[in-house]
Amino acid sequence: MAVILPKDYRPILSLKQTEQAIKLVKDFFERNLSAELQLSRVTSPLFVPRGSGINDDLNGIERPVRFPVKNLGDTEMEVVQSLAKWKRMALADYGYKAGTGLYTDMNALRPDDDIDAIHSIYVDQWDWELVMKKGQRNRTFLKKIVEKIYEVLKRTEFVVSEHYEEIEPVLPEQITFIHTEEALRRYPKLTPQERERELAREYGAIFIIGIGGKLSDGSIHGGRAPDYDDWTTPAEDGTAGLNGDIIVWDPVRKDSLELSSMGIRVDAESMRRQLKITNTEERAHLYWHSRLLAGEFPQTIGGGIGQSRLCMFFLRKAHIGEVQASVWPQETIDLCKQQGVHLM
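Remember, predicted model here, so these are calculated numbers, not experimental data.

Q: Explain the sheet that holds strand S6 (residues 122-131) to me, please; I cannot follow it from the model alone.
A: Strand pairing in a sheet relies on backbone hydrogen bonds. The paired strands run either parallel or antiparallel. Taken in spatial order, the 8 strands of this open sheet run S1-S5-S6-S11-S10-S9-S8-S7, and their pairing is mixed. Strand pairing shows two members of the sheet lacking a second neighbour, strand S1 (39-41) and strand S7 (176-179), which therefore form its edges. Each adjacent strand pair in this sheet contributes to an overall mean axis angle of 30 degrees, direction not counted. Where strand S8 (residues 205-209) meets strand S9 (residues 243-250), 5 bridges bridge the pair, whose relative direction is antiparallel. Residue pairing in the sheet places Phe 207 in a bridge with Ile 246 of S9. Sheet strands in contact with helix H3 (residues 139-163) are S6, S7, S8, S9, strand S10 (255-264) and strand S11 (300-306), and its direction is about 135 degrees off that of S10.

Q: Would you explain the nonpolar core in this entry?
A: Side chains that are nonpolar tend, in soluble globular proteins, to be buried together. One finds Trp 128, Met 262 and Ile 301 to be the most contacted residues of the largest nonpolar core, which totals 60 residues. At the level of elements, helix H1 (15-37), S6, H3, S8, S9, S10, S11 and helix H8 (307-314) are the ones that each hand at least two residues to this core. Counting residues in each nonpolar core, the second largest holds 20 residues, with Met 89, Leu 102, Met 271 and Trp 288 among its members.

Q: Is there a simple way to think about the packing of H1 against H8 in this case?
A: For any two helices packed against each other, one specifies the inter-axial angle together with the distance between the axes. Relative orientation of the contacting elements H1 and H8 amounts to 120 degrees, with a least axis distance of 10 Å. When the interaxial angle is binned, H1 and H8 end up oblique. The two elements H1 and H8 meet at a crossing, and its hand is right-handed. Residue-level contacts link Ile 22, Val 25, Lys 26 and Phe 29 of H1 to Gln 307, Leu 310, Cys 311 and Phe 314 of H8. In the contact of H1 with H8, the residues fall into 6 nonpolar, 1 polar and 1 charged.

Q: Explain the state of the cysteines here, please?
A: When the sulfur atoms of two cysteines share a covalent bond, that bond is a disulfide. This structure, assessed with the given rule, holds 0 disulfides. With no disulfide partner, Cys 311 has as its closest neighbouring cysteine sulfur the one in Cys 336, 18 Å distant. A relative accessible area of 0% places Cys 311 in the buried class.

Q: Is there a simple way to think about the pattern of salt bridges in this case?
A: Pairing is possible between side chains that carry opposite charge, provided their charged atoms lie close to one another. Scanning the entire structure with this criterion turns up 29 salt bridges. In this structure, the salt-bridge partner of Asp 237 is Arg 139, at a minimum N-O distance of 3.5 Å. Of this pair, Asp 237 sits in the loop between S8 and S9 while Arg 139 sits in helix H3; the two residues are 98 residues apart in sequence, bridging distant segments of the chain. Residue classification places Asp 237 among the exposed residues on the basis of a relative accessible area of 54%. Each of the salt bridges in this network shares a partner with another, and the network as a whole consists of Lys 87, Asp 127, Glu 129, Arg 224, Asp 229, Asp 245 and Arg 265.

Q: Just to check I follow, could you spell out the pairing of S9 for this structure?
A: Looking along a regular strand, one sees side chains alternate from face to face of the sheet. Counting buried residues in S9 gives 8 out of 8 residues, a clear majority hidden from the surface. Bridging between S9 and S10 involves 8 bridges; their strand directions are antiparallel. Each bridged residue has a counterpart across the sheet, and for Ile 246 the counterpart in S10 is Ser 260. The hairpin turn running from S9 into S10, its antiparallel successor, is 4 residues long, and Lys 254 in that turn takes a positive phi close to 55 degrees.

Rules and cut-offs
- Residues numbered from 1 in each chain as written.
- Predicted model: local features only at pLDDT ≥ 70, side-chain atom pairs only at ≥ 80, totals over all residues.
- Heavy atoms only, no water.
- Pairing = 2+ DSSP bridges.
- Helix = DSSP H or I, 4+ residues; strand = E, 2+ residues; numbered from the N terminus.
- Axes fitted to C-alpha atoms, helices over the stretch in contact; angles between N-to-C directions.
- Contact = heavy atoms within 4.5 Å.
- Core = buried A, V, L, I, M, F, W, Y, C linked by side-chain atoms within 4.5 Å.
- Buried < 20%, exposed > 50% of the residue type's maximum accessible area, 1.4 Å probe, protein only.
- Parallel < 35°, antiparallel > 145°, perpendicular 65-115°, else oblique.
- Left-handed = near helix turned anticlockwise from the far one by under 90°.
- Nonpolar A, V, L, I, M, F, W, Y, C, P; charged D, E, K, R; others polar.
- Disulfide = S-S within 2.5 Å.
- Salt bridge = Lys/Arg side-chain N within 4 Å of Asp/Glu carboxyl O.

Structure follows, in structure tokens:
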């Protein structure tokens, strides 16, 4: 299905300006995220061994890209889908102390992802992970970290507006926290995606909590793998989940736009519980999972922040292909060209 752009959409920036602005956004955001959360940059793998349990299963249905390596016999490698598990292992192996962490440029291929205005099979994001201190495994700490990231988003938007006066800041002063159960209660007849759209339009920027856990009507707001985010541990108010998504209102597309997925990671107890819920208890014997259950990994919080999504939002683009080189259906390319929109 071809992408339909907003009827009167015209890019604010030229192709050359866009390339320069992409660098501005990425450089500024990366530096400020690193300083705000005390993260050091590390080099990360593009692929990991199949069957190690290190690769992420995302919603549990996506196929990782696999390939053999000539000099490794029968060993197959998988292109990473995200680095949630690898980062936690790296924090342990590199000896990071509580209150510090790492970030990396993550590039992935997800051939099962949709291809539309905000999705591509090519994923580029900042993957980050922070070692938590004792007493921080709670929703209060989760919200504190979300607010720190949101401040970096606001500063980035301001800097972009200073360089390009046609781009005016739209992010609200504060981000609003809403649990998936509250979203269900407010909009019981809408789908999860429709709820996010209504809430993002109302507040401008939201963090929706508790993605992956079962709601009161038996549904789930969205899928989450059972072995990295904790989506079952109850908070002080009794609702479950120590994870969520940062979602903003996109003024160009007039729709919600997810910028980040993040959360407090599983401990041994919550991982066992979530493996049982998802009927994947056999994963407990994999290399990564065995190390977690043996107590070798620190308690962490982490997530991924979409680089192209950020550029798309801050530069007021209608299609992710305006800020990212990937593949698109020919019909989409032709329709965009008719509106003067160049896809990379």
